[in-house]
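# Close look at the chain arrangement
Letter by letter, the chains look like this.
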2 protein chains.
Amino acid sequence: MVIISATIKDVARKTGLSIATISKYINGGNVLDKNREIIQAAIEELNFTVNEMARGLKTNKTRTVGIALPDLNNLFFTSIVSKIEDVLLKDGYGTIICDYKQDYDLEKKKLEFLVNKSVDAIVLVPSGKEVNELREILESGIPVILIDRLLKDIECDVVLGDNLNSSYNAVETLFTKGHKRVGVIVGPQEMYTAEQRLKGYYRVHEDYSFKIDSNLIKYGDYRMDSGYALFKELLSMDDPPTAVYVTNYEMTLGAVMAINEMGINIPDDLSIIGFDNMELIRVLNPPLSVVVQPMEKIGETTAKLLLKRMSGDNSNFPSINRLKSDLIVTKSIGKAK
Amino acid sequence: MVIISATIKDVARKTGLSIATISKYINGGNVLDKNREIIQAAIEELNFTVNEMARGLKTNKTRTVGIALPDLNNLFFTSIVSKIEDVLLKDGYGTIICDYKQDYDLEKKKLEFLVNKSVDAIVLVPSGKEVNELREILESGIPVILIDRLLKDIECDVVLGDNLNSSYNAVETLFTKGHKRVGVIVGPQEMYTAEQRLKGYYRVHEDYSFKIDSNLIKYGDYRMDSGYALFKELLSMDDPPTAVYVTNYEMTLGAVMAINEMGINIPDDLSIIGFDNMELIRVLNPPLSVVVQPMEKIGETTAKLLLKRMSGDNSNFPSINRLKSDLIVTKSIGKAK
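Predicted, not measured: the structure shown is a model, and the values here were computed from it.

All told, the structure shown has 12 aromatic pairs over all chains when counted by the stated rule. Look at Phe-175 of chain A and Phe-210 of chain A: their rings are 4.6 Å apart centre to centre, the planes differ by 65°, and that puts the pair in the edge-to-face class. Taken together, the residues Phe-175 of chain A in helix α8 (residues 163-176) and Phe-210 of chain A in the loop between α9 (192-207) and β7 (217-219) connect sequence positions 35 residues apart. With relative accessibility at 6%, the residue Phe-175 of chain A sits in the buried group. Plain terms: the ring middles of Tyr-208 of chain A and Phe-210 of chain A are 5.7 Å apart, the flat faces sit at 55° to each other, and that makes the pair tilted. On the basis of relative accessible area, Tyr-208 of chain A is assigned to the partly exposed category, the value being 29%. Directly above the ring of Phe-113 of chain B sits Lys-110 of chain B, whose terminal nitrogen or CZ lies 5.9 Å from the centroid.

Pasting the structure below:
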């Protein structure tokens, strides 16, 4: 039943109990078993539901978590959100999802919207452009958890993938197969994840004392079209790479399309490692090797940390959770010739 | 600024005006220009923001629209939502997005959640399983607009694609190229869109007096894996179709993967029409012919109808908006041999 009709007074009248008792019951307080049954029966009969808005004003709790994303049309984020919701739902929390459309001004507005909805906590994939808004929210006592991206100038709980070492391991795997010219398609360098993924590429080259050919590094925008175009650029070089590492899902799709179009034979002509184990990757032939970010784990860790913070437990603040990725190695990686 | 600090009393004290005047200003009422300036200055200086929750209790308006989807990880729905948000945002409306995860019980809970958040209106992609919940919401006076799917047993505004005639036109286009054995991969028949798309396939056969071979009709689940598997089934028939029509985006992706894997030459070996003009379709080679549902138009029409209903204008209720799809014809369609 969703329609608010009966009031708490009606329930009190019906049961002959005090409003205080009914109120205690509704808010999860201790009530005699006998009264509990009577109240529940009256609530059902009267079709009474708590007006969450009125309730929020009294208890200052809305049992609602706000989630702000840069792009609702990005499966990586929506997969994480789905997992967060699964966990929170079991604890009776609802979620308000907002999309700030990669627009910095809108990011601020959406945060303001969530605060005005009196959410008990906020999950944010930050644009990274500014932190003042966020600082104010934290100072007001609303728990905030950042996901996917770290912000350097603020103390805040964060849950993200270990982007640096995922890249390190991916490129190292190609090295061990004899590849020395590894092309990489990275994201915009002002973005935390992109910067970290490139750093891993650099570091592993350094550790192996392999010189980097900067022509092998292509800067995309994390969208499919750029993966497609930059992959073609790499393969049309005079001295093309023998292996390519593509550092996000959308750009990987673009690269796969280029591979099909160009009739490239994997792994005979080229070895390839892509990113994120989504639906599409699963039906490719040959199967693609991929860095698998722990989306479920990111979602679960975030939800559990949220529940902890909302319960008032602020131990280990700020909690930095840098979760390891897996590398699924398939026959898309061959020996360098 | 998002943090609620100053109260309306502080603004009254600061300006020397009455609380009634400040309140009128805040709620958009008529206030002398002179006072308007003083109040605005005080609001800015005091960093005063309206507590939306408290405000909602008084005015019964939260300037918030709730949107409930069956699947947050489906680009067709999130694209429509993005458009709805764009339009509503210009009118100062916020949106609460909910995912009911194709779970009928959760659909009811999410609707309840939205009602408890005192949204001014609701947009719903209905599961189609039950309408009582919805009827109660409508009776309570909250405007609801259904998108993508029509519900037969309820009077409600609805905005959807013309699924029947899109399919009719797609298959007819194949007929005009001489194809008589057209395979079709459809969705689950208890789903409105799937039922309509199959109906179009039947009707055009009837109008051309072409007999239907029921083996050419494959029932999928609107997910990629089923598109992949069913496409392979069709092509492995003793008497395979010369053209295939795939009736949603995810299943089209699956079919494309099967095409690549099987090394099928489009259009020499087979003609194909897919569904929805998303990112992926754009980078295929050869370009895929697709039925293009008017996602932007669905979003825009929904948002405008929402604004109309929220303003109290109930003319032409229930408003059934059945929007035409486009058919993009590329060289993925060849002449039957």
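All names here are of chain B. Strand order in this open sheet of six strands is β7-β6-β8-β9-β10-β12, and the pairing throughout is mixed. Every other strand in the sheet has two partners, leaving β7 (217-219) and β12 (326-328) as the edge strands with one partner each. Each adjacent strand pair in this sheet contributes to an overall mean axis angle of 15°, direction not counted. Docked against the sheet, helix α9 (residues 192-207) engages β6 (182-186), β7 and β9 (271-275), running at close to 175° with respect to β7. Lying on the sheet, helix α11 (residues 249-262) is in contact with β6, β8 (243-246) and β9; it crosses β9 at an angle near 145°.

Residues and elements named next belong to chain A. Spanning 16 residues, helix α13 (residues 295-310) covers 22 Å between terminal C-alpha atoms, matching the ideal 22 Å at 1.5 Å per step. Residues of α13 that are buried in the fold lie against β1 (64-69), α5 (75-90), β3 (121-124), β4 (144-147), β5 (157-161) and β11 (320-323). Among the residues trailing α13, Gly-312 stands out with phi positive, at a value near 95°.

Further remarks concern the nonpolar core. Counting 87 residues, the largest nonpolar core has Phe-231 and Tyr-245 of chain A together with Phe-231 and Tyr-245 of chain B as its most contacted members. When near neighbours in sequence (up to four residues on either side) are disregarded, Phe-231 of chain A contacts Ile-185, Ser-226, Val-244, Ala-255, Ala-258, Ile-259, Met-262, Ile-264, Leu-270 and Ile-272 of chain A. The next biggest cluster of nonpolar side chains, apart from the first, holds 53 residues, and it includes Ile-67 and Ala-121 of chain A together with Val-123 and Ile-145 of chain B.

How each quantity is defined
- Residues numbered from 1 in each chain as written.
- Chains lettered and ligands numbered in written order.
- Predicted model: local features only at pLDDT ≥ 70, side-chain atom pairs only at ≥ 80, totals over all residues.
- Heavy atoms only, no water.
- Phe/Tyr/Trp six-rings, centres within 6.5 Å; stacked < 30°, edge-to-face > 60°.
- Helix = DSSP H or I, 4+ residues; strand = E, 2+ residues; numbered from the N terminus.
- Buried < 20%, exposed > 50% of the residue type's maximum accessible area, 1.4 Å probe, protein only.
- Lys NZ or Arg CZ within 6 Å of the ring centre and 35° of its normal.
- Pairing = 2+ DSSP bridges.
- Axes fitted to C-alpha atoms, helices over the stretch in contact; angles between N-to-C directions.
- Contact = heavy atoms within 4.5 Å.
- Expected span 1.5 Å × (residues − 1).
- Core = buried A, V, L, I, M, F, W, Y, C linked by side-chain atoms within 4.5 Å.

Read these as layout, nothing more, since geometry by itself doesn't imply function.
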